[in-house]
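So you can see what is in the structure, the chains are spelled out below.
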Amino acid sequence: NGGALAIVLALFGAPTALFALTMRAPYAISLGAGALACIVIAARGLATGQGAFLGAPLDARRLLACFALAALLLLLGGETHLFRPTTDWYLRDAVLADLVKGGFPVVYRINGADYMLRAPLGMYVLPALIGQIAGLRGAHVALLAQNAVLLGAILYALLSLGRGWANLAIVLGFAGAAGLIRFLGYLGSGNIETMFPGNDTIDAWNSLLQYSGSITQLFWVPNHALPGWLLAVLLLLRARRDIDVATIGVAVALFLFWSPLAILPAAPALAYFALRAPRETLGAKRTWLGLIAALLCLPVVAYVTAASDTVPRPDILGDEKFWPTYFAFLPVQLGAAIVVWYLRARAPAEWLALLWVNVALLVVLPFFSFGEFNDLVMRGSIASLAILAFVFGFVLTDASTPRGGAGWAGVALVAVAATSAGYEVYRALAWK
């Protein structure tokens, strides 16, 4: 399993290494060497990792089932447009098409001025290269294949680390209680659009803040969800000391080209791991080698942050609705954390400690703002929500003890959360 996960992480890192080929010599050498070093360090950390999961032989049947499930979810989410895509795919299609047509850098002349495409391109690089040979349709098929491999491996890891398919189903169906809020809004207004928001998501019940459910993430922003979910897997493995801090650090450097916002939960988690075992972390040669490799990747940091001062920063705290919204938002979105607290005896202590670090981040994150639709909150929460979903499912599927009041509250939350995923699937199947 560790070797397979190493291959998957190399697939995540390949776009960063290829991106180096588009740069001038000093930056190309730095980024290329850094990306390759990060891939090698991460691969070695995963292939030689400890623990029952990483050392176990690959379960081919389970892995194929996860690949099939991943492909189905991604198709329903709009990849290849076999089913109705979400509106975010209009922009994503344009990025992929421009990379297929012109390679990189993509330059636009508008009113006599030249502009260069600046976006986190990690998800598009390999499909675009294939598309330059096989055409745009080939690029879309390659995108589906790439993402199905990545998502399938992540689902396989979560399935193997957790308590089977029921645990994984709770992760996939995880969301806040937005469905209940939508229903109460419908009862108050009688307007059916209050409950079913057309082209939007059920999770967008709040005009200022949003923590997206798992299926919403996969359907709307797979480029953020995939690195965020793999980061969650790596953090869960590190919490059990199955891998070292260096493996996570270099993985974060490779994820940056996919999503500079989804890697946010790595910062408090790495600080927690370092404080928990300072001698083990700071005294390890791999930690410093990983830091050097990550620093060599700074050219991609310069690229993804170019002209970041032009990105909108909504004044969330200055909005008069912020405080009432904030205190309504947390219980609606984080009820699962309360259930885990009551059922904490059912989860390993090391996973619980990691969970509380991430819950703390989810409590603090709404005070920050970046992006036209406050993308920092939506994307920066992905890995933390995945960890919460996994541990929530883990304690809820423990059959060794009676369910009790907290257990039944958890079951109710699962049912309410399913409305978010259900609406996304319904729209994909029912709309033209």
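Scroll up for the structure.
Residue numbers restart at each chain and count upward from 1, following the sequence in its written direction. Note on the predicted model: pLDDT of at least 70 is required for a residue's local features to be given, and 80 or more for side-chain atom pairs to be given and counted; whole-chain, interface and lining totals, by contrast, use all residues. Note that the side-chain values use all heavy atoms of the structure and ignore hydrogens as well as water.

Colleague: An account of the pattern of salt bridges is needed here, citing residue identities and associated values.
Modeller: The rule for a salt bridge is simple: a side-chain nitrogen of Lys or Arg has to be within 4 Å of a carboxyl oxygen of Asp or Glu. Overall, the coordinates contain 6 salt bridges when judged by the stated rule. Put simply, R240 and D242 hold a salt bridge, and the shortest N to O gap is 2.9 Å. Here R427 makes a salt bridge to E424, at a shortest N to O gap of 2.6 Å. Separated by 3 residues within a single helix, R427 and E424 lie in helix α22 (residues 404-430), roughly one turn from each other. We classify E424 as buried; its relative accessible area is 1%. Under the DSSP-based scheme used, a helix requires at least four consecutive residues in state H or I and a strand at least two consecutive residues in state E, with every element numbered from the N terminus. Note on classification: 1.4 Å probe, protein chains only; a residue is buried when its accessible area is under 20% of the maximum for its type, exposed when over 50%, partly exposed between these limits.

Colleague: Break down the packing of aromatic side chains for me, with residues and values.
Modeller: Only rings of Phe, Tyr and Trp enter the pairing, Trp through its six-membered ring, and a pair is recorded when the two centres are within 6.5 Å. The plane angle decides the type: under 30 degrees is stacked, over 60 is edge-to-face, the rest tilted. If you walk through the whole model with that rule in mind, you get 26 aromatic pairs. For the pair F53 and Y156, a centre-to-centre distance of 6.2 Å together with 50° between the ring planes defines the contact as tilted. Taken together, the residues F53 in helix α3 (residues 51-55) and Y156 in helix α6 (residues 125-161) connect sequence positions 103 residues apart. Grouping residues by exposure puts F53 and Y156 together as buried. By the ring-pair criterion, three or more aromatic residues cluster together here, those being F322, W323, Y326, F327 and F367. Over the ring of F273 we find R238, and its NZ or CZ is 5.7 Å from the ring centre. Counting as a charge over the ring demands two things of the Lys NZ or Arg CZ atom: a distance within 6 Å of the ring centre and an angle within 35 degrees of the ring normal.

Colleague: So what's going on with the side chain of S420? Which residues, and what values?
Modeller: Considering the arrangement of structural elements, one finds S420 in helix α22. Its relative accessible area of 3% is what places S420 among the buried residues. Note on contacts: a residue pair is in contact if any heavy atoms of the two residues lie within 4.5 Å. Apart from residues lying up to four places away in sequence, S420 is in contact with A175, I202, D203 and T216.

Colleague: Hey, could you go over a nonpolar patch on the surface for me, with residue numbers and the actual values?
Modeller: Taken together, the side chains of L282, W288, L291, L295 and L298 present a nonpolar region at the surface, about 490 Å² in accessible area. The biggest single contributor to the nonpolar patch is helix α15 (residues 285-296), with 3 residues. Secondary-structure assignment places L298 in helix α16 (residues 298-304). Residue classification places L298 among the partly exposed residues on the basis of a relative accessible area of 46%. Each patch groups residues whose relative accessible area exceeds 30% and which form no salt bridge, using 9 Å between like charges and 5 Å between nonpolar side chains of Val, Leu, Ile, Met, Phe, Trp and Tyr. Only the protein chains shown count as cover for residues, and the accessible areas themselves come from Shrake-Rupley with a 1.4 Å probe.

Colleague: Could you give me a rundown of unusual backbone geometry, with the residues and numbers involved?
Modeller: Here the residue pair F104 and P105 is connected by a cis peptide bond, since its omega of 5° sits within 30 degrees of zero. Checked against the element boundaries, P105 lands in the loop between α5 (88-102) and β1 (107-110). Within the chain, T80 stands out as a residue other than glycine whose phi angle is a positive 70°. Of note in this structure, N111 is not a glycine but carries a positive phi near 55°. Following the sequence through the fold, N111 ends up in the loop between β1 and β2 (113-116). Judged by its relative accessible area of 83%, N111 falls in the exposed class.

Colleague: Explain empty space enclosed by the protein to me, and be specific about the residues and the numbers.
Modeller: To find the voids left in a structure, one rolls a probe of water-molecule size over its atoms. Here the term cavity refers to a set of points on a 1 Å grid, laid over the protein atoms alone, in which a 1.4 Å probe fits but cannot get out; the term pocket refers to an open set having protein on both sides within 12 Å along at least five of seven lines, with lining residues being those that place an atom within 4 Å of a point. Grid points are joined across faces, edges and corners, and a volume is the space filled by probe spheres set on the points. According to the stated counting rule, one finds 3 cavities of 30 Å³ or more in the structure shown. One number sums up the size of the largest cavity: a volume of about 90 Å³. Around the largest cavity, the lining is made up of 14 residues, and of these F174, A175, A336, L413 and A417 lie nearest the centre. Mapped onto the lining of the largest cavity, the elements with two or more residues apiece are α17 (322-333), α18 (335-342) and α22. At 3 residues, the largest contribution of residues to the lining of the largest cavity is made by α22. Under the scheme applied, nonpolar residues are Ala, Val, Leu, Ile, Met, Phe, Trp, Tyr, Cys and Pro; charged residues are Asp, Glu, Lys and Arg; polar residues are all the others, including Gly. Looking at the lining of the largest cavity residue by residue, the class counts come to 10 nonpolar, 4 polar and no charged.

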